[in-house]
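Chain by chain, the residues:
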Amino acid sequence: MVVTKAPPSLLYMVKQVELVVRARLDELVKPAGITALQYTALTVLERHDGLSAAQLARDSFVTAQSMADLVRSLENRGLVRRERNPRNRRELLILLTDEGRELLARFTEPVRELEERMVRDLTAHQTDQFRGALSRAWHALS
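Below you will find a few notes about this structure. Please read these numbers as outputs of a predicted model, since none were measured by experiment.

How each quantity is defined
Residues numbered from 1 in each chain as written. Predicted model: local features only at pLDDT ≥ 70, side-chain atom pairs only at ≥ 80, totals over all residues. Heavy atoms only, no water. Helix = DSSP H or I, 4+ residues; strand = E, 2+ residues; numbered from the N terminus. Rg over C-alpha atoms; globule rule 2.2 N^0.38 Å. Buried < 20%, exposed > 50% of the residue type's maximum accessible area, 1.4 Å probe, protein only. Contact = heavy atoms within 4.5 Å. Areas by Shrake-Rupley, 256 points an atom, 1.4 Å probe, with all protein chains shown as cover. Lys, Arg positive; Asp, Glu negative; His and termini not counted. Charge placed at Lys NZ, Arg CZ, Asp CG, Glu CD. Pairing = 2+ DSSP bridges. Salt bridge = Lys/Arg side-chain N within 4 Å of Asp/Glu carboxyl O.

## Some details on the overall build of the protein
Part 1 of the reasoning: Across its full length, the protein holds six helices and three strands.
Part 2 of the reasoning: Taken against the 2.2 N^0.38 rule, which gives 14 Å for 142 residues, the C-alpha radius of gyration of the protein at 18 Å runs more than 25% over that of a compact globule.
Part 3 of the reasoning: Overall size of the protein, expressed as C-alpha extent along the three principal axes, is 70 × 30 × 25 Å.
Part 4 of the reasoning: Every one of the 142 residues in the protein was classed for burial, and the buried ones make up 27%.
Part 5 of the reasoning: For the protein, the proportion of contacts with a sequence separation of at least 24, taken over those separated by at least 6, is 47%.
Part 6 of the reasoning: Split by element, the accessible area of the protein, about 10300 Å² in all, is 57% carbon and sulfur.
Part 7 of the reasoning: Looking at the protein, you have 22 positive and 19 negative side-chain charges, and the mean spots of the two groups are 5 Å apart.

Below is the structure:
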């Protein structure tokens, strides 16, 4: 009797990819004194500057408490600043500083190379399909 193993679940495989990407990204940005999670938050601000801590936490995939610590650390490094929201004076907005933008610019190419390494065995068409599939999977669960 031949027993065939079931392939690993997609959830398991997605988690494997997430963990290895995070580990490689941590290695990449460690010389700058930041973590992959901090780098992710900075890239979110690069795309959408002036977010509340709650929105930045959601868009960076961390809890509000983790984001408070993360923002404090980035602010101490001069990579972000906080200022009052002119439309809601009780809310603080988080903004990327020039130093934060410079740090991101230093990692544009190395991060692009990491992404290329991840999909190097895929054709351009397969990479586009992969991106689309990930986007659709995210939307289905959001």
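## Notes on the sheet that holds strand β2 (residues 80-85)
Part 1 of the reasoning: Sheet architecture is open: three strands sit in the order β1-β3-β2, paired in antiparallel fashion. Strands with a single pairing partner mark the edges of an open sheet, and in this sheet they are β1 (51-52) and β2.
Part 2 of the reasoning: Examined bridge by bridge, β2 and strand β3 (residues 88-96) share six bridges and lie antiparallel to one another. Within β3, the residue paired with arginine 81 across the bridge is leucine 95.

## Section: the pattern of salt bridges
Part 1 of the reasoning: Here the structure, examined in full by the defined rule, presents nine salt bridges.
Part 2 of the reasoning: The shortest N-O distance in the salt bridge between arginine 81 and glutamate 83 comes to 3.3 Å.
Part 3 of the reasoning: On the accessibility criterion, arginine 81 (37% relative accessible area) is partly exposed.
Part 4 of the reasoning: Residue glutamate 109 pairs with arginine 112 through a salt bridge whose shortest N-O separation is 2.1 Å. Placement of the pair is glutamate 109 and arginine 112 together in helix α5 (residues 98-118), with a separation of three residues, close to one helical turn.
Part 5 of the reasoning: Classification of glutamate 109 by relative accessible area gives partly exposed; the value is 36%.
Part 6 of the reasoning: Accessibility expressed as a relative area gives 35% for arginine 112, which makes it partly exposed.

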